[in-house]
Amino acid sequence: MLINQVCVLGGSGFVGSAIVHKLSAAGYAVKVLSRQRERAKHLTLLPNVQVAECNVLSDAELSMHMQSCDAVINLIGILHESKQFSFDAMHRELPARVATLCKKLGIKRLLHMSALQTSAEAPSAYLRSKAAGEAAVMAHAANLHVTIFQPSIVFGRGDSFLNLLATIVKIMPVVALAKPDAKFQPIWVEDVAEAFVNSLENVETYGKTYQLGGPRVYTLRELVEFVIFVLGKKRKIVGLNDTLSYWQAYAMEKMPIKLMTRDNVHSMEIDSVCQGPLAPELGLKPAAIEAIVPEYLANDTPRAAYERFRSMAGR
Ligand SMILES: NC(=O)c1ccc[n+]([C@@H]2O[C@H](COP(=O)([O-])OP(=O)(O)OC[C@H]3O[C@@H](n4cnc5c(N)ncnc54)[C@H](OP(=O)(O)O)[C@@H]3O)[C@@H](O)[C@H]2O)c1
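Residues numbered from 1 in each chain as written. Predicted model: local features only at pLDDT ≥ 70, side-chain atom pairs only at ≥ 80, totals over all residues.

Asker: Before we move on, can you summarise the overall build of the protein with the specific residues and values?
Answerer: Counting its regular elements, the protein contains eleven helices and 13 strands. The C-alpha radius of gyration of the protein comes to 19 Å, within 12% of the 20 Å expected for a compact globule of 315 residues. Expressed as lengths along the three principal axes of its C-alpha atoms, the size of the protein is roughly 55 × 45 × 40 Å. Within the protein, buried positions represent 44% of all 315 residues. Expressed as a percentage of contacts within the protein between residues at least 6 apart in sequence, the contacts between residues at least 24 apart total 74%. (Helix = DSSP H or I, 4+ residues; strand = E, 2+ residues; numbered from the N terminus. Rg over C-alpha atoms; globule rule 2.2 N^0.38 Å. Buried ≥ 20, exposed ≤ 12 C-beta atoms within 10 Å, placed from the backbone. Contact = placed C-beta atoms within 7 Å.)

Shown next, in the form of structure tokens:
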């Protein structure tokens, strides 16, 4: 199958931007759909990248933008529900509509972003909705070459997870840590992007679901200890038991900016760890956090501060 133009939904985000950079470097024409063109402004200078404003809740708008494309990558996801956007709408309905539109428009290739440890019985609504989305796109596998990716937490410049831990470590003399023994297998955003781009035209990946994790498993406590070390701080970590973890998240849900919810705590009830090694056909040699994170977390120069402001402004 010859792929020239790729439509990327969620291309303005953290993972999406890395994928769009790699697609552009590999010579693909890329169409990034965003609710607001401004959010994807940082991609407009890349060769062969076009940014279009699109309300992805409208089939007519989606069709109009998807019809010129040979493949679709759907990365749209939310970590917290709001009155306006539910997990079900974003993680199940939208992927189902995208897959249906692919079939209608004769698009034969779909890469879909999910998450590690999804299942219909998962303890969190986020993971259950991601599982429903996977089932919805795989239901079209007879007419569409689908590949699904399930990463553990993704790290890299501009990530929300390690940067949030760094902010907490900088502000708090004592870190009250929910679910300190929860396990993660962090993977570098550039490795995730590589997996997507390497799979795009690789027939071996059709109809498959891939878990993505980095070279090492860490508990949440170990990750916070690592961040404390990188920042050169001295901090005490107090691990919270399950009841206190739950109440901490409940209190955080009431804050104007949701840093953590009870659903996030529930998702940490199962370890975000891969069942086996990375599939060889993805062609990855994943980087460890020790090799990448110090460069962006410990960089406190004025220039780095501008980078953070740019990232906060979505640029
Ligand atoms: N980051 C991680 O550690 C991680 C781990 C596992 C799985 N994932 C999955 O990977 C995907 C990308 O994650 P990310 O970290 O790159 O997230 P992100 O930076 O928040 O980006 C999310 C993207 O989704 C789009 N989006 C969000 N809400 C939307 C809405 N209501 N309607 C339309 N578009 C919306 C945004 O596009 P616009 O704002 O431009 O419209 C944005 O480009 C998600 O599906 C996430 O669940 C991420």
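Asker: Could you give me a rundown of the pairing of strand β4 (residues 71–74), with the residues and numbers involved?
Answerer: The side chains of a regular strand alternate, residue by residue, between the two faces of the sheet. What you see with β4 is no split at all: A71 and I73 on one side and V72 and N74 on the other are buried throughout. As judged from the four bridges shared by strand β1 (residues 5–9) and β4, these two strands associate in the parallel manner. Across the sheet, V8 pairs through a bridge with I73, a residue of β4. Alignment of β4 against strand β5 (residues 109–113), held across four bridges, turns out to be parallel. Across the sheet, the residue bridging to A71 is R109, located in β5. For the crossover that starts at β4, traverses helix α3 (residues 87–105) and ends in the parallel β5, the hand is right-handed. (Pairing = 2+ DSSP bridges. Right-handed = clockwise from strand over helix to strand, strands pointing away.)

Asker: Before we move on, can you summarise the packing of α3 against helix α4 (residues 125–138) with the specific residues and values?
Answerer: Two elements in contact, α3 and α4, have axes whose closest approach is 8 Å; the angle formed by their N-to-C orientations is 10°. Taken together, the axes of α3 and α4 are roughly parallel relative to one another. On α4, the residues that touch F87, D88, H91, R92, P95, A96 and A99 of α3 are A125, Y126, S129, K130, A132, G133, A136 and V137. Grouping the constituent residues of the contact of α3 with α4 by class yields nine nonpolar, three polar and three charged. (Axes fitted to C-alpha atoms, helices over the stretch in contact; angles between N-to-C directions. Parallel < 35°, antiparallel > 145°, perpendicular 65-115°, else oblique. Nonpolar A, V, L, I, M, F, W, Y, C, P; charged D, E, K, R; others polar.)

Asker: Account for helix α1 (residues 14–25), with residues named and values stated.
Answerer: Here α1 contains twelve residues, and its C-alpha end-to-end distance of 17 Å stays within 8% of the 16 Å for a straight helix at 1.5 Å per residue. Burial within α1 is extensive, with nine of its twelve residues counted as buried. Looking at the buried side of α1, the elements it contacts are β1, β2 (29–34), β3 (49–53), β4, β7 (154–155) and α6 (189–199). Positioned one or two residues after α1, G27 has a phi angle of 95°, which is positive. (Expected span 1.5 Å × (residues − 1).)

Asker: Any details on the site of the ligand? Residues and values, ideally.
Answerer: The environment of the ligand is made up of 23 residues, and the closest members are S12, G13, S34, R35 and G77. Broken down by element, the shell around the ligand gets its largest block of residues, three residues, from α1. Partitioning the shell around the ligand into residue classes produces 15 nonpolar, six polar and two charged. (Near = placed C-beta within 6 Å.)

Asker: Can you break down the domain arrangement of the protein residue by residue, with the values?
Answerer: We note that the domain assignment places domain 1 (5–155 + 187–212) and domain 2 (161–183 + 216–272 + 288–312) within the protein. With 13 residues of domain 1 at the interface, the matching set in domain 2 holds 13 residues. Element by element, the count of residues in the side of domain 1 that touches domain 2 is highest for α4, at three residues. (Domains from an automatic or database assignment.)

Asker: I'd like a description of the sheet that holds β5, backed by residues and values.
Answerer: Across the sheet, which stays open at both edges, the seven strands sit in the order β3-β2-β1-β4-β5-β6-β11 with parallel pairing between neighbours. In this open sheet, the two strands that pair with only one neighbour each are β3 and β11 (208–212). Here the strands of the sheet are splayed against their neighbours by 20° on average, with no regard to which way each runs. The sheet strands contacting α4 are β5, β6 (145–151) and β11, and the helix crosses β6 at an angle near 165°.

Asker: Residues and numbers for the environment of E201, please.
Answerer: Examined against the element boundaries, E201 turns out to sit in the loop between α6 and β11. Along the chain, E201 and N241 lie 40 residues apart, while their C-alpha atoms are 46 Å from each other. E201 has contacts with M1 and I3, leaving out every residue within four places of it along the chain.

Asker: Explain the nonpolar core to me, and be specific about the residues and the numbers.
Answerer: Formed by 89 residues in total, the largest nonpolar core has its most connected members in V8, I19, V72, V192 and F196. Lining this core are residues from two domains, each supplying at least three of them: domain 1 (5–155 + 187–212) and domain 2 (161–183 + 216–272 + 288–312). Leaving out residues up to four positions away in the same chain, V192 has contacts with V15, A18, P151, V154, I187 and L212. (Core = buried A, V, L, I, M, F, W, Y, C linked by C-beta atoms within 7 Å.)

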